[in-house]
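# An overview of the molecular structure
What follows is the residue order along each chain.
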Amino acid sequence: MITNISLVTVYCLDQDKARDFYVDVLGFETRVDATMAGFRWVTLGHPSQPELEVTLMVPGPPLNDEAAAFYRRQLEKGEMGGLGLRVDDCRKTYEELVDKGVTFLQEPSDRPYGVEAVMRDNSGNWLVLVQPKQFDPADLQ
């Protein structure tokens, strides 16, 4: 029986730079940073969510060459999806991250489901900050 989601993958072009961004800028913690048989395994997590890890993967095996090249191109163009991050105060978090030099694609905006802002990590992934609120799914139509 599946009990939860324990690992998600975020592709990056440089594991060191990506790890530093998630740890130093966003407040994640490094869980594993190890090399096994020439393969580097880097996982991060948020301190308040010990059951979930994010693995930072450079496009390569097990992807074939064509797929890996596609992921690299998407990252370089800033067109990869990443993570949704829940925040208590989207506008305040936005200001704090702007002060740290984070690039935002969308300033905080009111939505039926809460306040949302869209940023880009230093690998080209879009990350969505959401300050959720109660809503009726019919409001989304």
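Just above sits the structure.
Residues numbered from 1 in each chain as written. Predicted model: local features only at pLDDT ≥ 70, side-chain atom pairs only at ≥ 80, totals over all residues. Heavy atoms only, no water.

## Looking at the overall build of the protein chain
A tally of helices and strands in the protein chain yields three helices and eight strands. Going from N to C terminus, the protein chain has its helices and strands arranged as β-α-β-β-β-α-β-α-β-β-β. Dimensions along the principal axes, computed over C-alpha positions, put the protein chain at roughly 50 × 40 × 30 Å. The 141 residues of the protein chain split such that 35% are buried. Look at the contacts in the protein chain between residues 6 or more apart in sequence, and 50% of them connect residues 24 or more apart. Here the protein chain displays about 8700 Å² of accessible surface, and carbon together with sulfur accounts for 50% of that area. For the protein chain, the centre of its 14 positive side-chain charges and the centre of its 23 negative side-chain charges are spaced 2 Å apart. (Helix = DSSP H or I, 4+ residues; strand = E, 2+ residues; numbered from the N terminus. Buried < 20%, exposed > 50% of the residue type's maximum accessible area, 1.4 Å probe, protein only. Contact = heavy atoms within 4.5 Å. Areas by Shrake-Rupley, 256 points an atom, 1.4 Å probe, with all protein chains shown as cover. Lys, Arg positive; Asp, Glu negative; His and termini not counted. Charge placed at Lys NZ, Arg CZ, Asp CG, Glu CD.)

## Comments concerning the packing of aromatic side chains
Applying the stated rule across the entire model yields seven aromatic pairs. Taking the centre distance of 4.4 Å and the plane angle of 35° together, the rings of Y11 and Y71 count as tilted. Here the residue Y11 occupies a position in strand 1 (residues 7–11), and Y71 occupies one in helix 2 (residues 65–77), the gap between them amounting to 60 residues. (Phe/Tyr/Trp six-rings, centres within 6.5 Å; stacked < 30°, edge-to-face > 60°.)

## Overview of helix 1 (residues 15–25)
For the α-helix, the turn length of 3.6 residues means that residues three or four positions removed from each other point alike. The set of residues buried in helix 1 consists of Q15, A18, R19, F21, Y22 and V25. The residue sitting at the N-terminus of helix 1 and contributing the capping side-chain oxygen is D14; that oxygen lies 2.9 Å from the backbone nitrogen of D16. Just past helix 1, the residue G27 takes up positive phi, approximately 90°. (Polar contact = N/O pair within 3.5 Å; in protein donor to acceptor, adjacent residues only side chain to side chain.)

## Thoughts on unusual backbone geometry
Here P61 and P62 are connected by a cis peptide whose omega angle stands at 15°. Position of P62 relative to the elements: it lies in the loop between strand 4 (53–57) and helix 2. Positive phi values are uncommon outside glycine, yet A37 reaches one of about 50°. Mapped onto the elements of the fold, A37 is located in the loop between strand 2 (29–36) and strand 3 (39–45).

## Some thoughts on the pairing of strand 8 (residues 125–132)
Two elements, strand 5 (residues 80–86) and strand 8, share five bridges in a ladder whose sense is parallel. Counterpart to G84 in the pairing with strand 8 is V128. Pairing between strand 7 (residues 114–120) and strand 8: seven bridges, direction antiparallel. Residue pairing across strands places A117 opposite L129, the latter belonging to strand 8. In this antiparallel pair of consecutive strands, strand 7 and strand 8, the connection spans four residues, and G124 shows a positive phi of 105°. (Pairing = 2+ DSSP bridges.)

## Here we look at the sheet that holds strand 1
In sheet architecture, strand pairing relies on hydrogen bonds along the backbone and comes in two forms, parallel and antiparallel. In space, the four strands of this open sheet follow the order 1-4-3-2, with mixed pairing throughout. The outermost strands of the open sheet, each flanked by one partner alone, are strand 1 and strand 2. With strand direction ignored, the average angle separating the axes of adjacent strands in the sheet is 25°. Packed on one face of the sheet, helix 1 meets strand 1, strand 2, strand 3 and strand 4 and runs near 10° to strand 3. (Axes fitted to C-alpha atoms, helices over the stretch in contact; angles between N-to-C directions.)

## Observations concerning the nonpolar core
The tendency in soluble globular proteins is for nonpolar side chains to be buried side by side. Counting 25 residues, the largest nonpolar core has Y22, L26, L56, M119 and L129 as its most contacted members. If you list the elements that add at least two residues to this core, you get helix 1, strand 3, strand 4, strand 5, helix 3 (90–99), strand 7 and strand 8. With four residues, the top contributor of residues to this core is helix 1. Discounting chain neighbours no more than four positions away, the residues touching M119 are F21, L26, L97, V102, T103, F104, L105, N125, W126, L127 and L129. (Core = buried A, V, L, I, M, F, W, Y, C linked by side-chain atoms within 4.5 Å.)

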